[in-house]
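Each chain, letter by letter, is given below.
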Amino acid sequence: MPTLEVLQDKERLQSLKQTLHQYSAPAAEALIERHPNGDIRCFACGHRCLVKPGRDGVCRVRFNDNGQLWVPHGYVGALACDPIEKKPFFHVLPGSDALTFGMLGCDYHCGYCQNWVTSQMLRDPKAVAPARRFTPEQLVDLAIENGAPVVASSYNEPLITSEWAVDVFKVARSRGLKCAYISNGNGTPQVLDYIRPYVEAYKVDLKTFSDKT
Ligand code: SF4
């Protein structure tokens, strides 16, 4: 028999997923491969999941609904305007601020993650963060109002939310801002080609000094 705690966690996860489904849009065709039986191969990160109808990818935020892959869009799970040296970038507009946004979920599950509350929200009931609806224009307005010449995607893994980041970056670049990724580097040629026209600075975190992790 499942314990009360397990049942409560299942309910919490179900309600969280229903909320996140409201913040979703169809995946970019450049980042998927459709199969005749409805399965979809996702190329947004190096896991290259084959996502079957009714299932999620490893990241749990990209999901196959009746042969359509839906992906995060139109919200933030974390948002801050802080020095670009915190990203850290040391040779991209030194001394300036970066408006930095992140979403929920991650393709990794590192026990030492500094952003556990957002990155592991779909895996750990103790990780709780709010999802707030935003448009690209609102995020770019915020960057400009705060004097930040850079917009960055960080906190969770940005590769798994690349469609949303690119939509934000298109507006940011049209208004003269620079755009950045702070990533674990678990990419694919397809996702790098997809973001390349919009991302001017890309940092890969060194996650560990241990071979095991
Ligand atoms: S982003 Fe990565 S983990 Fe998520 S569905 Fe695509 S390949 Fe799988």
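Above this text is the structure in question.
Here the structure is a predicted model, which is why all the values come from computation and not from measurement.

**So, empty space enclosed by the protein**
Scanning the entire structure with this criterion turns up two cavities of 30 Å³ or more. Estimates place the volume of the largest cavity at around 100 Å³. The wall of the largest cavity is formed by 14 residues, among which C42, C45, C49, C59 and R62 lie closest to the centre. Considering only residue class, the lining of the largest cavity consists of nine nonpolar, two polar and three charged. Considering only enclosed or pocket space, the second largest cavity measures out at about 70 Å³ in volume. Element by element, the count of residues in the lining of the second largest cavity is highest for helix α1 (residues 4-22), at three residues. A class-by-class count of the residues in the lining of the second largest cavity yields seven nonpolar, two polar and three charged.

**Brief notes about helix α3 (residues 136-145)**
Every buried residue of α3 is accounted for by P136, L139, V140 and A143. Buried residues along α3 cover an arc of 95 degrees about the axis, so they all sit on one side. Among the residues trailing α3, G147 stands out with phi positive, at a value near 70 degrees.

**Describing the packing of aromatic side chains**
Enumeration over the complete set of coordinates arrives at four aromatic pairs. When the ring of F101 is compared with that of F169, the centres are 6.3 Å apart and the planes differ by 75 degrees; the resulting orientation is edge-to-face. Linking F101 in strand β9 (residues 97-102) with F169 in helix α4 (residues 162-174), this pair joins segments that are 68 residues apart in sequence. Overall, the relative accessible area of 0% leaves F169 in the buried class. Residues Y181 and Y202 carry aromatic rings whose centres are separated by 5.8 Å and whose planes lie at 40 degrees to one another, so their mutual orientation is tilted. Placement of Y181 in strand β12 (residues 178-183) and of Y202 in strand β13 (residues 201-204) is noted, with a sequence separation of 21 residues between them. Connected via pairs of aromatic rings, a cluster forms that spans F101, F169, Y181 and Y202.

**Overview of the site of the ligand**
Around the ligand sit C42, A44, C45, H47, R48, C49, G57, V58, C59, R62 and I160, and that is every residue in its neighbourhood. With respect to the pocket detection grid, the ligand is positioned in the largest cavity. Tallied by class, residues from the shell around the ligand come to seven nonpolar, two polar and two charged.

**A word on the state of the cysteines**
If you walk through the whole model with that rule in mind, you get zero disulfides. Of all cysteine sulfurs in the structure, the one in C179 sits closest to C81, which takes part in no disulfide; the separation is 14 Å. Assessed through its relative accessible area of 29%, C81 is described here as partly exposed.

**A look at the pattern of salt bridges**
A full pass over the atoms with the stated rule returns eleven salt bridges. A salt bridge links K87 to D82; the nearest nitrogen and oxygen atoms lie 2.7 Å apart. Each member of the pair, K87 as well as D82, is classed as buried. Here R173 ties to E200 by a salt bridge, and the two come within 3.3 Å at their closest N and O atoms. Remark: E200 occurs in the loop between α5 (189-195) and β13 and R173 occurs in helix α4; sequence separation between them is 27 residues.

How each quantity is defined
- Residues numbered from 1 in each chain as written.
- Predicted model: local features only at pLDDT ≥ 70, side-chain atom pairs only at ≥ 80, totals over all residues.
- Heavy atoms only, no water.
- 1 Å grid on protein atoms, 1.4 Å probe; cavity = no way out; pocket = protein on both sides within 12 Å on 5 of 7 lines; lining within 4 Å.
- Points joined across faces, edges and corners; volume = space filled by probe spheres on them.
- Nonpolar A, V, L, I, M, F, W, Y, C, P; charged D, E, K, R; others polar.
- Helix = DSSP H or I, 4+ residues; strand = E, 2+ residues; numbered from the N terminus.
- Buried < 20%, exposed > 50% of the residue type's maximum accessible area, 1.4 Å probe, protein only.
- Arc of directions from axis to C-beta.
- Phe/Tyr/Trp six-rings, centres within 6.5 Å; stacked < 30°, edge-to-face > 60°.
- Near = heavy atom within 4 Å.
- Sits in = over half its atoms within 2 Å of the grid points.
- Disulfide = S-S within 2.5 Å.
- Salt bridge = Lys/Arg side-chain N within 4 Å of Asp/Glu carboxyl O.

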